[in-house]
Amino acid sequence: MADRCRRVDYFYVEVPDQPGQGAQVFSKLKEAGVNLLAFTAFPTSGNKAQLDLVPENSDALIKAAKSAGLNLSPKKQALFVQGSDRVGAAAECFKKLADAKINVRAGNACSSERGFGLILWVKPESFEAAAKALGA
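Residues numbered from 1 in each chain as written. Predicted model: local features only at pLDDT ≥ 70, side-chain atom pairs only at ≥ 80, totals over all residues. Heavy atoms only, no water.

## A few points about the sheet that holds strand β1 (residues 4–16)
Adjacent strands of a sheet form backbone hydrogen bonds with each other and so pair up, either parallel or antiparallel. In space, the six strands of this open sheet follow the order β2-β3-β1-β4-β6-β5, with antiparallel pairing throughout. Of all the strands in the sheet, just β2 (36–43) and β5 (104–112) have a single pairing partner and so form its edges. Across this sheet, the average inter-strand angle for adjacent strands is 25 degrees, counted without regard to direction. Pairing analysis gives five bridges linking strand β4 (residues 76–83) to strand β6 (residues 115–122), with the strands arranged antiparallel. Within β6, the position partnered with Q82 by the bridge is G117. (Pairing = 2+ DSSP bridges. Helix = DSSP H or I, 4+ residues; strand = E, 2+ residues; numbered from the N terminus. Axes fitted to C-alpha atoms, helices over the stretch in contact; angles between N-to-C directions.)

Quick look at the structure:
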């Protein structure tokens, strides 16, 4: 499978940094039928955690979040790359961005027998150039 890069929307929600908070959010999204392409969770300040949610369907996430009383951030954009798992797959993506003089602010990836997925965040003012460099 050739690598495929696409533009994706993402939103974040802040929750207390306590056991069970993620389970509550993800259970509500599951009940509403929201499919996530990716998510990232990490602690922030003030005993809070941030969940970055990358939905397959943004409208479905917005509707489910509203129904569940979740306070979603405004819509933001990221780049999502999928392809066959191989040594250096991420390096190839990062090199394309480096060659285009684009700084990656954050990234997250995983692989399985079916391939790899890589999500990349760049500054908003670099987004169009990054999308072009990766073929999105």
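## Comments concerning unusual backbone geometry
A positive phi is found at N47, a non-glycine position, where the angle reads about 60 degrees. Mapping N47 onto the fold places it in the loop between β2 and β3 (48–55). Non-glycine residue K101 carries a positive phi angle of around 65 degrees. By the element assignment, K101 lies in the loop between α3 (89–99) and β5. Residue classification places K101 among the exposed positions, given a relative accessible area of 76%. (Buried < 20%, exposed > 50% of the residue type's maximum accessible area, 1.4 Å probe, protein only.)

## Overview of the packing of α3 against helix α4 (residues 127–134)
In the contact formed by α3 and α4, the axes pass within 9 Å of each other and the chain directions differ by 130 degrees. Compared by their axis directions, α3 and α4 come out oblique. With respect to the hand of their crossing, α3 and α4 are arranged in right-handed fashion. From α3, C93, K96 and L97 reach across to α4, where they touch A130, A133 and L134. Classifying every residue of the contact of α3 with α4 by side-chain character gives five nonpolar, no polar and one charged. (Parallel < 35°, antiparallel > 145°, perpendicular 65-115°, else oblique. Left-handed = near helix turned anticlockwise from the far one by under 90°. Contact = heavy atoms within 4.5 Å. Nonpolar A, V, L, I, M, F, W, Y, C, P; charged D, E, K, R; others polar.)

## Thoughts on the packing of aromatic side chains
Evaluation of the coordinates by the stated rule reveals two aromatic pairs. Ring geometry for Y10 versus W121: centroids 5.9 Å apart, planes at 85 degrees, classification edge-to-face. Here Y10 is found in strand β1, whereas its partner W121 is found in strand β6, with 111 residues between them in sequence. Among the residues examined, Y10 registers a relative accessible area of 12% and is labelled buried. Between F26 and F39 the ring centres are 4.7 Å apart and the planes differ by 55 degrees, which places this aromatic pair in the tilted class. (Phe/Tyr/Trp six-rings, centres within 6.5 Å; stacked < 30°, edge-to-face > 60°.)

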